[in-house]
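Structural overview
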Amino acid sequence: MRTPIIAGNWKMFKTIAEASAFAEEAKAGSTKAGVEKVVCAPFTALPALGQIFAGTDIALGAQNMHFEEQGAFTGEISPSMLKEIGVKYVILGHSERRQYFNETDETVNKKVLAALKHDLLPIVCVGESLEQREAGQTATVVRTQTEGALADLEAAQLANVVIAYEPIWAIGTGKSSTAEDANETIAIVRQVIAERFGQETAAQVRIQYGGSVKPENIASYMAQPDIDGALVGGASLVADSYLQLVNGASQQ
Ligand SMILES: O=C(CO)COP(=O)(O)O
């Protein structure tokens, strides 16, 4: 069975002090078993969060990294720098990175390979824009992004990969996808993985939904057969709300 995974993506929110306050609160209230919990924080807050979450079941995640080991890449962070501070997960190819920082399927693929090489677990984001959805291109877009991100991986490595299907039009807009529509597209992603890596591998890969997920709607997503959790922006910024999302995911 696939263990549900709730990952907060804080984006560019929270100073170290703010992150620490969240962590103390989340730590005190975190008891739910059977759900994997991740907080993907800004780089600067990660060491402090790691200290507070030590000994708990809340894992540390980063929101990006470079694919090279080291080098003259001003402003970048390498996989081993993340490993050194106890990071377990790393979001790769978020639509905001693709849109504002020129990430492509090719660079996302390089990052996925680099993450796996360093025992970091990638959360790979795919998803269509509103324009693409309205043009009936959703399946093609997620197919291309999924195939691109997972190029040159071995089937066995898929056990360490999480996919997040995040339709761009649902991110931060309050316009969440219906659970049925999200499940339908996620089933396409799973099918693409099955074609490339085999049915058995595809059945084991965890695929999250992301886009305006809130405590009020998490249960509807979790009730869908192909949805294995959520990647959550806004609603993950408040500890109480984050814990409610975890609770919602564990009731299934
Ligand atoms: O982009 C997202 C998570 O990566 C979704 O953000 P919101 O939950 O704020 O819509």
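All residue numbers refer to positions counted from 1 along the written sequence of the respective chain. Local features in a predicted model are, by the rule used here, given only for residues with pLDDT of at least 70; side-chain atom pairs are given and counted only at 80 or more, and totals for whole chains, interfaces and linings are based on all residues. Hydrogen atoms and water are omitted, and side-chain values are computed over all heavy atoms in the structure.

As for the packing of helix α7 (residues 138-149) against helix α8 (residues 179-197)
- The convention used is that axes are lines fitted to C-alpha atoms, helices contributing only their stretch in contact, and that angles between N-to-C directions extend from 0 to 180 degrees. For helices the rule is a DSSP run of H or I covering at least 4 residues; for strands it is a run of E covering at least 2, with both sets numbered from the N terminus onward. Interaxial distance between α7 and α8 falls to 9 Å at its minimum, and their mutual angle equals 45°. With respect to each other, α7 and α8 are oriented oblique. Here α7 and α8 pass one another in a crossing that is right-handed. Of the residues in α8, those in contact with T138, A139, V142, R143, T146 and E147 of α7 are T185, I188, V189, V192, I193 and E195.
- The classification used treats Ala, Val, Leu, Ile, Met, Phe, Trp, Tyr, Cys and Pro as nonpolar, Asp, Glu, Lys and Arg as charged, and all other residues, Gly among them, as polar. Per-class residue counts for the contact of α7 with α8 are 6 nonpolar, 3 polar and 3 charged. Orientation categories follow fixed angle ranges, with anything under 35 degrees roughly parallel, anything over 145 roughly antiparallel, 65 to 115 roughly perpendicular, and all other angles oblique. Two helices crossing with the near one rotated counterclockwise from the far one by less than a right angle form a left-handed crossing, whereas a clockwise rotation gives a right-handed crossing. Residue contacts follow a heavy-atom distance rule, with two residues in contact if any of their heavy atoms lie within 4.5 Å.

Examining the nonpolar core
- By size, the foremost hydrophobic cluster in this structure holds 66 residues, and its most contacted members are I6, L49, F53, I163, I193 and Y209.
- Residues in contact with F53, not counting those within four places in the same chain, are F22, A23, A26, V39, I58 and L60.
- For our purposes a nonpolar core is just a set of buried Ala, Val, Leu, Ile, Met, Phe, Trp, Tyr and Cys residues, chained together by side-chain atoms within 4.5 Å. To sort residues, take the accessible area from a 1.4 Å probe on protein chains only and compare it with the maximum for the residue type: under 20% means buried, over 50% means exposed, and anything in between is partly exposed. With 13 residues, the next largest nonpolar core counts Y89, I91, C125 and A164 among its residues.

A word on the site of the ligand
- Near is defined per residue: the residue qualifies when any heavy atom it owns lies within 4 Å of the molecule or strand. Every one of the 13 residues lining the ligand counts as a neighbour, but K11, H94, E166, G172 and S212 are closest to it.
- Whenever a nitrogen or oxygen atom comes within 3.5 Å of another N or O atom, the pair is scored as a polar contact, on the condition that within protein one atom can donate a hydrogen and the other can accept it, and that pairs from neighbouring residues in sequence are kept only if both atoms are in side chains. H94 places a polar side-chain atom, nitrogen or oxygen, 2.8 Å from an oxygen atom of the ligand.
- G233 is positioned such that a nitrogen or oxygen atom in its backbone is 2.8 Å from an oxygen atom of the ligand.
- For the ligand, the protein covers 94% of the area, taking 300 Å² as the surface of the free molecule.
- Taken together, the residues of the shell around the ligand break down into 4 nonpolar, 7 polar and 2 charged. Only the protein chains shown count as cover for residues, with accessible areas throughout obtained via the Shrake-Rupley method and a probe of 1.4 Å.

Re the UniProt feature "active site" (unreviewed entry) in the chain
- UniProt positions are given in the numbering used here, feature names are shortened, and annotations may be inferred rather than shown by experiment. As annotated in UniProt, the feature "active site" (unreviewed entry) corresponds to H94 and E166 in the numbering used here. For the annotated residues, spread through 73 residues, the largest C-alpha to C-alpha distance comes to 8.4 Å, consistent with a single compact locus.
- Judged by relative accessible area, H94 falls into the buried class, the value being 4%.
- Residues in contact with H94, not counting those within four places in the same chain, are N9, K11, C125, E166 and I171.
- Within the secondary structure layout, E166 lies in the loop between β6 (162-165) and α8.
- Classification of E166 by relative accessible area gives buried; the value is 5%.
- Residues contacting E166, with those up to four places away along its chain left out, are H94, C125, V126, G127, E128, I171, G210, G211 and L231.

A few points about the UniProt feature "binding site: substrate" (unreviewed entry) in the chain
- Using the residue numbers shown here, the UniProt feature "binding site: substrate" (unreviewed entry) corresponds to N9, W10, K11, G172, S212, G233 and G234. For the annotated residues, spread through 226 residues, the largest C-alpha to C-alpha distance comes to 13.9 Å, consistent with a single compact locus.
- In this fold, G172 is placed in the loop between β6 and α8.
- Here G234 shows up in the loop between β8 (229-232) and α11 (239-250).

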